[in-house]
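Geometric and topological summary
For reference, the chains in residue letters:
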Amino acid sequence: MATPLSLEAMAQRLEQDPDFRVLRRLVPVTDFGHPPTRLQNPAQTLSVLVLDTETTGLSHQADKIIELAMLLVQVDPATGLPSGPVEIFEGFEDPGMPIPPVAQEVTGISDEMVAGQRLDDAQVQALVDRADLIVAHNAGFDRPFVEARFPGFAAKAWACSFADIDWKAAGAGSAKLSALAQDQGWFYDAHRARVDCHALLQVLARPVGGGDATGLSQLITAASRPSYKLRATGSPFESKDQLKGRGYRWDADAKVWFCTVPDTDHLDAEIDWLKTEVYGRRSARVEIEALDGRVRYSARPGGVSQRSL
């Protein structure tokens, strides 16, 4: 009688058939070892803090953090590869209010789980102090929440693994973290902060697209470059479809269409497009907000200037 194949052996056989795709449960990496690089001096590494929050809702002004997880890892800036042990922080916090049913459904966190709990301010700040770069998969969501709770986050450079990497150009069908993990052959139980952090770190430790640059490498580069938020102030109402089709978004509070561009070349090109396609012969002034890693994705504004067209 033949010896039954192990599950792993069956998975390997299936992987050899083009009609099958195998997903394995993601196993958190708690030590990346020391990859073969030119790096000899640990002082040459960057400390990257990967972060995720779970909250009672979507508004950083009205809602509260109920779970925070962080992974601190050393990254070789020359290769974008993590190395050494991963320092882990995870904790709950009682928001002082009932967790809405929709938040409980999404996160799996109940009132009983957070009752009487509080995040350790000293532990959080100790990790933040050592970080050179903070990474979240939706930094525009996470950053305002953690800055409202822990002011020390405001002094750090941030990057967003959702927005600062062109996943579509890299061949990904979706920029959702669960989909990116599946592209690497992993599945995991999403919407809990710690496992989301582990999934993100392992996705970012792999090359993105056809080159050798890892996701971490791309984020280190993105954080070091300025970007610009361009507001099409006073744009004609009839241009709204053009602006929307161009990728502009509507800021309901400021009542203005805006877009974000990665550098001065794109900024100049976008201003030329606005002048020709939107404003025509009309006199106009557009508003430009300069953003760097210390304010990007924060609720705090960058430096604002205006340019006449």
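Shown above is the structure to which this text applies.
Residues numbered from 1 in each chain as written. Predicted model: local features only at pLDDT ≥ 70, side-chain atom pairs only at ≥ 80, totals over all residues. Heavy atoms only, no water.

To continue, consider the overall build of the chain. Helices and strands together make up the secondary structure of the chain, namely 10 helices and 12 strands. With the principal axes as the frame, the chain shows a C-alpha extent of 85 × 50 × 45 Å. Counting across all 309 residues of the chain, residues that qualify as buried make up 43%. In the chain, once contacts between residues fewer than 6 apart in sequence are set aside, the share between residues at least 24 apart is 66%. With an accessible surface of roughly 16,600 Å², the chain has 52% of that area assigned to carbon and sulfur atoms. Side chains of the chain carry 32 positive and 42 negative charges; the gap between the two charge centres is 6 Å. (Helix = DSSP H or I, 4+ residues; strand = E, 2+ residues; numbered from the N terminus. Buried < 20%, exposed > 50% of the residue type's maximum accessible area, 1.4 Å probe, protein only. Contact = heavy atoms within 4.5 Å. Areas by Shrake-Rupley, 256 points an atom, 1.4 Å probe, with all protein chains shown as cover. Lys, Arg positive; Asp, Glu negative; His and termini not counted. Charge placed at Lys NZ, Arg CZ, Asp CG, Glu CD.)

Attention shifts here to the nonpolar core. The nonpolar side chains of a soluble globular protein tend to be buried with one another. Val 135, Trp 167 and Leu 204 are the most contacted members of the largest nonpolar core, which totals 33 residues. Breaking this core down by element, the ones donating at least two residues are β2 (46–55), β3 (65–76), β5 (133–136), α6 (177–183), α7 (193–204) and α8 (215–224). Ranked by residue count, the leading element in this core is α7, at seven residues. In this structure, Leu 204 is in contact with Val 135, Ser 161, Ile 165, Trp 167, Thr 214, Gly 215, Leu 216 and Leu 219, ignoring residues within four places of it in sequence. (Core = buried A, V, L, I, M, F, W, Y, C linked by side-chain atoms within 4.5 Å.)

Below, the discussion takes up the side chain of His 198. Relative to the helices and strands, His 198 resides in helix α7. The residues touching His 198, leaving out its near neighbours within four places in the chain, are Leu 26, Pro 28, Val 29, Leu 71 and Ile 88.

With that out of the way, let us pick up the sheet that holds strand β9 (residues 249–251). Read from one edge of the open sheet, five strands run β9-β10-β8-β11-β12, paired in antiparallel fashion. Strands at the two margins of the open sheet, each flanked by one partner only, are β9 and β12 (303–308). Averaged over neighbouring strand pairs, the angle between their axes works out to 30° when direction is ignored. Sheet topology note: the strand β11 (residues 285–291)/β12 ladder contains six bridges and is antiparallel. Bridge pairing links Val 286 to Arg 307 in β12. On the sheet, helix α10 (residues 264–279) packs against β8 (227–232), β10 (256–261), β11 and β12 and is oriented at approximately 10° with respect to β8. (Pairing = 2+ DSSP bridges. Axes fitted to C-alpha atoms, helices over the stretch in contact; angles between N-to-C directions.)

A word on the environment of Pro 85. Here Pro 85 lies in strand β4 (residues 81–92). Spatially, the C-alpha atom of Pro 85 lies 6.9 Å from that of Val 73, the residues being 12 residues apart in sequence. Contacts of Pro 85, omitting those with residues within four sequence positions, involve Thr 30, Asp 31 and Leu 72.

Note that β8 and β11 share five bridges and pair antiparallel. Among the inter-strand pairings, Tyr 228 is bridged to a residue of β11, identified as Ala 290.

Turning next to the environment of Val 135. One can find Val 135 in strand β5. As a C-alpha pair, Val 135 and Leu 219 span 84 residues in sequence and 8.0 Å in three-dimensional space. Those residues within four positions of Val 135 in sequence are excluded, and the remaining contacts are Val 48, Leu 49, Val 50, Leu 51, Ala 159, Ser 161, Leu 200, Leu 204 and Leu 219.

For α7, which comprises 12 residues, the first-to-last C-alpha distance of 16 Å matches the rise-based estimate of 16 Å (1.5 Å per residue) to within 8%. The buried fraction of α7 amounts to 10 of the 12 residues, a majority that puts the element mostly inside the structure. (Expected span 1.5 Å × (residues − 1).)

Here the focus is the pairing of β10. Among the six residues of β10, five are classified as buried, and the element is accordingly described as predominantly covered. The pairing of β8 with β10 spans five bridges and is antiparallel. Looking at β10, one finds that Leu 230 is bridged to Cys 259. Of the pairings in the sheet, the one linking β9 to β10 comprises three bridges and is antiparallel in character. Residue pairing in the sheet places Arg 249 in a bridge with Phe 258 of β10. Between the antiparallel neighbours β9 and β10 lie four residues, among them Lys 255 with a positive phi of about 55°.

Hydrogen bonding along the main chain pairs the strands of a sheet, whether they run parallel or antiparallel. The strand order across the open sheet formed by five strands is β4-β3-β2-β5-β6, and the pairing between neighbours is mixed. The open sheet has two edge strands with one neighbour each: β4 and β6 (158–160). With strand direction ignored, the average angle separating the axes of adjacent strands in the sheet is 25°. As judged from the three bridges shared by β5 and β6, these two strands associate in the parallel manner. Counted as the bridge partner of Val 135 is Ala 159 from β6. Packed onto the sheet, α7 meets β2, β3, β4 and β5 and runs at close to 25° relative to β3.

One pass over the structure, following the stated rule, counts five aromatic pairs. Each ring, one from Phe 150 and one from Phe 153, has its centre 6.1 Å from the other, and the planes form 65°; the classification is edge-to-face. Relative accessible area serves as the criterion here: at 4%, Phe 150 is assigned to the buried category. For Phe 153, a relative accessible area of 1% puts it in the buried group. (Phe/Tyr/Trp six-rings, centres within 6.5 Å; stacked < 30°, edge-to-face > 60°.)

The quantities given are spatial measurements derived from coordinates; they are silent on function.
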